[in-house]
Amino acid sequence: MSKEKFLLVILLWISIHFQAFGQLTLIESLSMYSNILNKEIRFSILLPSDYYKNTDKYSTVYLLHGLGDNESSWIEYGEIDQIAKQLWAENEIIPMIFVMPQGFNSYYSNTYDSTFMYRDMFTKELVPYIDGHYRTLSNRNHRALLGYSMGGFGAMSLALKNPELFSISVPMSMSVRTQDQYETENAEEWDQQWGSIFGGVGTNGTDRITDFYKANSPFYLLPKYKNAAHESLRFYLFNGDREHTLAKSNEELHVLMRNLGISHQYKVGKGGHSFSFWRTSMPDALRFISDGFENKTYRGDRTNQLNLKPLDPKQWNEIQYRDENFQVYLPNDYDKTTRQYPVLYILGKFEPAEMRQIAELSNSLSSAYQIPELIIAFVSGNSWYKIKSNMEFISEKYRIRKGFRFKAVLSYKESVLLSSLPQIEKEEFRVLVFANSTMTPSQAQTFSNPAERKVFDRTSLFLSQPSGGDFYEGFGDAHVLLRDKDISHEYRVREGKDEFKWFLQELPDILNFTFEGYHK
């Protein structure tokens, strides 16, 4: 082969491979040299599927990893490639670019002593670099921050400190501390994780609350949330109900934002500090971001389609006992068997049509074999003594299975059940559900009395509230208190206000939790 032909082959090979690399939509561990940090900064990038088929410009999402992870974590564990492609295919989100930078253990902040100016690198070098090398819509309205754990802190603090660059912040399981937690955390862990960044190494108590920390903590930044750019920020906070330290800090941050009147979405789901929780949260997070990029009101979280199956007349009983009227839903085959059934007593004021919808939803779920069959009794009474007497009457009239293991009580927008906890005996009910019940912070302390703990030894608790509900402080306090005392429970905060439609959407999860309790 002649020298000219050999060079031609080499050039052709380089051209093919360069072109192939240029067509990749997921590229891991690229690098950019930072003059600010005087080192290479790695990042991974996910481009829209049609990036090379047009000349369009795209919005950008910066995905921030947690402590100890790196620029590959969102790919390997977060499965961002699969999640984004599925949502694109379903037309759930607009095409967008995902950038996953190396965050070290920086909390995406500068250090108090200016030895590692990560935030400066991010805002002054990385963002311009991405805008210069990729077809981005290079303005704040088309940039979002999403992160988990330490990355959640970065997603919140970067947006608050640089609202001229970012318009959307989505922290998941944000690693943040209340002032009390910050002052009392174990010294060795605190020095390494917090003091080395925000100052105060070797100190305790209020000495840890440095001016530099105040200039970076969301708890101090949010009350200063005033200018126009700040007020146009969109926030969606996610947290898992299995969190420990972060249960309190994220709840308190949500309460602070509610009390300050800062618009935001807040969701607590089943899970802990893990990618399994963050992955399941991503579809709603990305829908929220996508709507923000299009300057639309958030369309809301994805919900299951509820099918209400009409009742056979024999399934709906209206009975009277003393001066009270009760409605009782019976399984479809109640009159064809001699079997006994578990029971769910529901306390709360419902319209007649609402009670039927609850029964029809249960009828639909059991007919589709999604839950076993049960009896639902709507019970009223202005005292626990009266309510309990009414329950006993119903249990004698219908074939309700004996034993506490098959009895559950659900409280909806009422306060009698919570106030009556001191009167409830151990092993009286297998499940207690508080669904948007009346629960002020002082009422939430009912769960703290050691005398009441005996009630929870073999009783499962489920607390659920709408994110826009009136009792956000009380429910948050109850959840944190139960976590601190290691009392088993599940906790949900989902999109909605004090409306029946929120409750109906929540009911399938409540019923599944109830049956898990029955069958433990």
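Since the structure is predicted, the reported quantities are computational estimates derived from the model, not experimental observations. (Residues numbered from 1 in each chain as written. Predicted model: local features only at pLDDT ≥ 70, side-chain atom pairs only at ≥ 80, totals over all residues. Heavy atoms only, no water.)

Asker: Sorry, what's going on with the overall build of the chain here?
Answerer: Scanning the chain from N- to C-terminus turns up 18 helices and 16 strands. Projecting the C-alpha coordinates of the chain onto the three principal axes gives extents of approximately 100 × 60 × 40 Å. The buried share among the 520 residues of the chain stands at 56%. For the chain, the proportion of contacts with a sequence separation of at least 24, taken over those separated by at least 6, is 74%. Taken together, the 57 basic and 64 acidic charged side chains of the chain have centroids lying 3 Å from each other. (Helix = DSSP H or I, 4+ residues; strand = E, 2+ residues; numbered from the N terminus. Buried < 20%, exposed > 50% of the residue type's maximum accessible area, 1.4 Å probe, protein only. Contact = heavy atoms within 4.5 Å. Lys, Arg positive; Asp, Glu negative; His and termini not counted. Charge placed at Lys NZ, Arg CZ, Asp CG, Glu CD.)

Asker: Help me out: how do you make sense of the nonpolar core in this one?
Answerer: Generally speaking, a soluble globular protein has its nonpolar side chains buried in company with each other. Ranked by internal contacts, the top residues of the largest apolar core, which has 97 residues, are Tyr-62, Phe-122, Phe-434 and Phe-447. Sort the elements by how many residues they give to this core and helix H5 (residues 150-161) lands first, with seven residues. Once residues within four sequence positions are removed from consideration, Tyr-62 is found in contact with Val-99, Phe-122, Leu-126, Val-127, Ile-130, Arg-143, Ala-144, Leu-145, Leu-146 and Phe-166. (Core = buried A, V, L, I, M, F, W, Y, C linked by side-chain atoms within 4.5 Å.)

Asker: Please clarify how the confidence of the model for the chain should be interpreted in this entry.
Answerer: The predicted coordinates of low-pLDDT regions are not to be read in fine detail. In this model, the chain carries a mean pLDDT of 92, and residues with pLDDT of at least 70 account for 94%. With pLDDT under 50 throughout, residues 7-21 is counted as low confidence; its partners more than four residues away or in other chains account for three contacts. (pLDDT = per-residue confidence, 0-100.)

Asker: Teacher, can you tell me more about the packing of aromatic side chains here?
Answerer: Here a ring pair, both rings aromatic, is described through the centre-centre distance and the interplanar angle of the planes. Evaluated as defined, the whole model comprises 48 aromatic pairs. A ring pair is formed by Phe-153 and Trp-194, whose centres lie 6.1 Å apart and whose planes are at 70°; its orientation type is edge-to-face. Of the two residues, Phe-153 is situated in helix H5 and Trp-194 in helix H7 (residues 187-198); the sequence distance between them amounts to 41 residues. Neither Phe-153 nor Trp-194 differs from the other in exposure class; each is buried. A ring pair is formed by Tyr-334 and Tyr-398, whose centres lie 6.4 Å apart and whose planes are at 65°; its orientation type is edge-to-face. Of this pair, Tyr-334 sits in the loop between strand S10 (324-329) and strand S11 (343-347) while Tyr-398 sits in the loop between helix H14 (384-397) and strand S13 (407-412), and the two are 64 residues apart along the sequence. Among the aromatic residues, those joined into a cluster by ring pairs are Tyr-107, Phe-153, Tyr-182, Trp-190, Trp-194, Phe-198, Phe-212, Tyr-213 and Tyr-220. In this arrangement the basic side chain of Arg-135 is found over the ring face of Tyr-51, its NZ or CZ atom lying 4.1 Å from the centre. Looking at Arg-401, its charged tip hangs above the ring of Phe-406, at a distance of 5.8 Å from the centre. (Phe/Tyr/Trp six-rings, centres within 6.5 Å; stacked < 30°, edge-to-face > 60°. Lys NZ or Arg CZ within 6 Å of the ring centre and 35° of its normal.)

Asker: What am I meant to see in helix H13 (residues 352-367) here?
Answerer: The α-helix advances 3.6 residues per turn, and as a result positions three or four apart in sequence lie on the same side. Taking 1.5 Å per residue as the helical rise, H13 with its 16 residues ought to reach 22 Å, and the 22 Å between its terminal C-alpha atoms agrees with that figure. Along H13, the positions that sit buried rather than exposed are Glu-354, Met-355, Ile-358, Ala-359, Glu-360, Leu-361, Ser-362, Asn-363, Ser-364, Leu-365 and Ser-366. Summarising the contacts, the buried residues of H13 are in contact with strand S9 (316-321), S10, S11, strand S12 (375-379) and helix H18 (500-518). Once H13 ends, the next one or two residues include Tyr-369, with phi positive near 60°. (Expected span 1.5 Å × (residues − 1).)

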